[in-house]
Amino acid sequence: MNAREAIGDTVQFVQGDKACVYGALLAGCRFFAGYPITPATEIAEEMSRLLPLIGGTSIQMEDEIGSISAVVGAAWTGAKAMTATSGPGFSLMQETIGYAVMTETPCVIVDVQRGGPSTGQPTRASQGDVMQARYGSHGDYELIVLSPSSVQEAMELTIRAFNLSETYRVPAILLTEESIGHMREKITIPDTVPLQSRPATEDEAAPHVPPFSPFGRGKKAFVTGLTHQDNGHPSTDDHEVHDRLVRRLCAKVCENMDDIFQADTVRMDDADTVIVSYGISARPGRAASEMAAQAGRKVGAITLKTLWPFNYAYFAELAQRVDHIVVVEMNCGMLYHSIREAAAGNANVTLVSTLGGKVADPTAILEVIR
Amino acid sequence: MKQASELYETYLRTDMLPTILCSGCGAGVVLNATIRAIDSLKMDLDNMVFVSGIGCSSRLGAYINADSLHTTHGRAIAYATGVKAANPDLEVVVFTGDGDCVGIGGNHFIHGIRRNIGINVIAINNYNYGMTGGQTSPSTPQGSVTTTTQYGAFEHPFDIAQLAKTAGAAYVARWTTSHPLQLQKAIRKGFSNKGFCFIEVLSPCPTSYWGRNKVRNPEEMYQWYKDHTIPIGRAEEYPEKIPIGELVNVEKREWTEQWASLVRKVSP
Ligand SMILES: Cc1ncc(C[n+]2csc(CCOP(=O)(O)OP(=O)(O)O)c2C)c(N)n1
Ligand code: SF4
């Protein structure tokens, strides 16, 4: 049975967590390792049901460190591999996410955000892991973080996370929230999806991305998290080797921004004010834009699908065009700071922040526009 | 027996030499015994993956001319589980140290064994954290001086092989670097067992451990491992000595075999 057959009907009414699984399987994911945690558990459950049907492998590890480690190991056999977790588990995974960055291991991590810090609010949505997704591991690095604002997008962006991760040999994180993860919506499942695989040769590879040699093919790959030369051999004392490696790892993500960055826009043509948001917060953001339009105001809305790498140029240009940028987030202000930095004083940047699982109210957003 | 130079040509990643190991380090003996075991089993290096954590012991994987995943501290068994589960045809060997294996990595160790994932783990127990300069480890003998037990270690140490046996490993043996032939034979037998194979090797760390514990020359160290160990069959007569030999060798359904039969059962 192939993945599409295992998924079943074309139109389904499912939770976001399940949609992630569908997206992963359609994208070619054949290995899952995870550890139960609310609100991401359904992903592990659904993987354990579907993967054996299509000849894949699903394993429940002893913790989240084990899960991400197994995923990286599986990825080196050539498999497309994924894990899924929420805040506490995402914290545990950080060292290995850095390892995956350093070893250029394609893999996907789904973080279904809940309220933190600590055990926090297991069953309430949050966008509190936005900075951790970018900076959670030690050292300088860049990776790819995508955020869906509907169940349909949870599926589509999981596919995209796999494809980008393969193309750039970098971990890709699907950063969603309890609200999307547990919400049921109608989705339409495609019969085929565009598929990317990690480059096998220099010719296939994107700029700054080396070809990938999977284990078991006689390539005698040496994979290490130590600072290494192009041939993988450790070289930990030469500042030039380290400088070159780290800058290349960052450049392969940031210099391919045009391919990686995606945002949906509405009513932007003559907007003087714009509401910027992502994930579940994008919904009240778009609603507020519509309400403002009905009241004769020129308020656009931008829904970010790519959070990191951060598109400074996009927001610098936006700040030239509009007077006011309203950022809506379910945290104390995370993306807000980068947007303000990019705006560089050319537009006012205001934060609408909610916590505790509360999604922003469109009228509260309208209030700051007034 | 083949000449060392002949084996080195075939099995070592020569451009990675010389090794980082100190002179007199027991890890070299373990590398040698592993290579000889692989050679006598006629295993195909291109079908083998060497996974390791962080530490001096964990560097061995770098020197064998095969695919190698040098990972994070303590997690090698979890990475190796992913490699084996995703491609059961690969022969997976883990090199680890006492700190890597049962300190930071203790949970992965017991759960890898519980699952009976078919990997081969060679743990080099040098009684301390060698790479970081000689701190106490979960296997440091009571009374030993280390840089973090300056007045002598008092915590009860793990008997690592016994731990593996209790957790349910399919193959468990313990030898020392003063028993290289027996070690090589144990590696051969362990690799031939399809389940989780665990081999503990008591091994000297002259630089970080033995110097502080007043055993200073190689002959003395060699003799220490002879004098303080006893073949497992006679362990009861000498309760103060460390039992060495084969603790377990049983057939047990391996994880990837069980997964494959599950797939056959449920997939239409
Ligand atoms: C998460 C983490 N903590 C600590 C360290 C530092 N560290 C490197 S090697 C090591 C100990 C290694 O000891 P062992 O596994 O016994 O190997 P040995 O060096 O003695 O062979 C430690 C603590 C690290 N690399 N990563
Ligand atoms: S510090 Fe000890 S364990 Fe490490 S290489 Fe030197 S002798 Fe071997």
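Conventions adopted
- Residues numbered from 1 in each chain as written.
- Chains lettered and ligands numbered in written order.
- Predicted model: local features only at pLDDT ≥ 70, side-chain atom pairs only at ≥ 80, totals over all residues.
- Helix = DSSP H or I, 4+ residues; strand = E, 2+ residues; numbered from the N terminus.
- Buried ≥ 20, exposed ≤ 12 C-beta atoms within 10 Å, placed from the backbone.
- Contact = placed C-beta atoms within 7 Å.
- Rg over C-alpha atoms; globule rule 2.2 N^0.38 Å.
- Core = buried A, V, L, I, M, F, W, Y, C linked by C-beta atoms within 7 Å.
- Axes fitted to C-alpha atoms, helices over the stretch in contact; angles between N-to-C directions.
- Nonpolar A, V, L, I, M, F, W, Y, C, P; charged D, E, K, R; others polar.
- Near = placed C-beta within 6 Å.
- Pairing = 2+ DSSP bridges.
- Expected span 1.5 Å × (residues − 1).

Glancing now at the overall build of chain B. The helix and strand inventory of chain B stands at 11 helices and 10 strands. Considering only C-alpha atoms, chain B reaches an extent of 65 × 40 × 35 Å along its principal axes. Looking at chain B as a whole, 53% of its 268 residues are labelled buried. For chain B, the share of sequence-separated contacts (at least 6 apart) that also reach a separation of at least 24 residues comes to 68%.

A few words on the overall build of chain A. Scanning chain A from terminus to terminus reveals 14 helices and 16 strands. Against the 2.2 N^0.38 benchmark of 21 Å for 370 residues, chain A shows a C-alpha radius of gyration of 20 Å, consistent with a compact globule. Projected onto its principal axes, the C-alpha positions of chain A cover 65 × 50 × 40 Å. Here chain A holds 370 residues, and the buried ones make up 56% of them. In chain A, of all internal contacts separated by at least 6 residues, the share reaching a separation of at least 24 is 76%.

Membership of the largest hydrophobic core comes to 192 residues, with the highest contact counts inside it found for A:Val71, A:Ile144, A:Ile325, B:Val83 and B:Val94. With 9 residues, helix H7 (residues 151-168) of chain A is the largest single contributor of residues to this core. Setting aside anything within four residues of it in sequence, one finds A:Ile144 in contact with A:Leu164, A:Ser165, A:Val170, A:Ala172, A:Ile173, A:Val253, A:Ile260 and A:Trp308.

Attention now moves to the environment of B:Arg115. Relative to the helices and strands, B:Arg115 is located in helix H6 (residues 106-115). Take B:Arg115: there are 23 C-beta atoms within 10 Å of it, and that puts it in the buried class.

Residues and elements named next belong to chain B. In the contact formed by helix H4 (residues 76-86) and H6, the axes pass within 8 Å of each other and the chain directions differ by 35°. Touching Ile77, Ala78 and Thr81 of H4 are His108, Phe109 and Gly112, all from H6. Classifying every residue of the contact of H4 with H6 by side-chain character gives 3 nonpolar, 3 polar and no charged.

As a further point, take the interface of chain A and chain B. The interface is formed by 36 residues belonging to chain A together with 33 residues belonging to chain B. Listing elements by their share of the side of chain A that touches chain B, those giving two or more residues are strand S2 (29-34), strand S3 (57-60), helix H4 (64-75), helix H5 (87-102) and strand S10 (222-224) of chain A. Take the side of chain A that touches chain B: its biggest share by element is 8 residues, from H4(A). Tallied by class, residues from the side of chain A that touches chain B come to 19 nonpolar, 12 polar and 5 charged.

Time to look at the site of ligand 1. Residue and element names in this part refer to chain B. Neighbouring ligand 1 are 17 residues, the closest being Gly55, Gly97, Gly99, Asp100 and Gly130. Of all elements in the fold, only helix H5 (98-103) and strand S5 (128-129) reach the threshold of two or more residues within the shell around ligand 1. Looking at the shell around ligand 1, the element that brings in the most residues is H5, giving 3 residues. By residue class, the composition of the shell around ligand 1 is 5 nonpolar, 10 polar and 2 charged.

Residues and elements named next belong to chain B. Burial of strand S4 (residues 120-125) is extensive: 6 of the 6 residues sit out of reach of the surface. Burial of the side chains of S4 extends over both faces: Asn120, Ile122 and Ile124 are buried on one face and Val121, Ala123 and Asn125 on the other. Bridging between strand S3 (residues 91-97) and S4 involves 5 bridges; their strand directions are parallel. Bridge pairing in S4 places Gly97 opposite Ile124.

As a further point, take the sheet that holds S3(B). Within the open sheet, the 9 strands sit side by side as S10(A)-S2(B)-S1(B)-S3(B)-S4(B)-S8(B)-S7(B)-S10(B)-S9(B). Their pairing is mixed. Edge strands, defined here as strands with exactly one partner in the open sheet, are S10 of chain A together with strand S9 (229-231) of chain B. Strand-to-strand twist in this sheet, taken as the mean axis angle between neighbours without regard to direction, amounts to 20°. Judged from the 6 bridges that link them, S4(B) and strand S8 (residues 197-202) of chain B form a sheet pairing that is parallel. Across the sheet, residue B:Ile122 finds its bridge partner in S8(B), namely B:Ile199.

Quick look at the site of ligand 2 now. Every residue close to ligand 2 is listed here: B:Leu21, B:Cys22, B:Cys25, B:Ala27, B:Cys56, B:Asn126, B:Gly130, B:Met131, B:Cys205, B:Pro206, B:Thr207 and B:Ser208. Ranked by the residues each element gives to the shell around ligand 2, the list is headed by helix H9 (residues 206-210) of chain B, at 3 residues.

Let us look at the sheet that holds strand S16 (residues 348-353) of chain A. Residues and elements named next belong to chain A. In spatial order, the strands read S11-S13-S12-S15-S16; together these 5 strands make up an open sheet with mixed pairing. Among the strands making up the open sheet, the edge pair consists of strand S11 (263-266) and S16. Each strand axis lies, on average, 20° off the axis of its neighbour in the sheet, ignoring direction. Across the sheet, helix H11 (residues 282-294) lies against S11, strand S12 (273-278), strand S13 (299-304) and strand S15 (324-329), angled at about 165° from S13, the strand it touches most. Strand contacts of helix H13 (residues 335-343): S12, S15 and S16, with the helix running at about 165° to S15, the strand carrying the most contacts.

Before going further, it helps to spend a moment on H7(A). What sets the pattern is the α-helix's 3.6 residues per turn: residues three or four places apart point alike. All names here are of chain A. Under the 1.5 Å per step criterion, the end-to-end length of H7 is 26 Å for 18 residues, consistent within 8% with the ideal 26 Å. Of all 18 residues in H7, 17 are buried, a share of seventy percent or more. Following H7 by one or two positions, Arg169 adopts a phi angle in the positive range, close to 50°.

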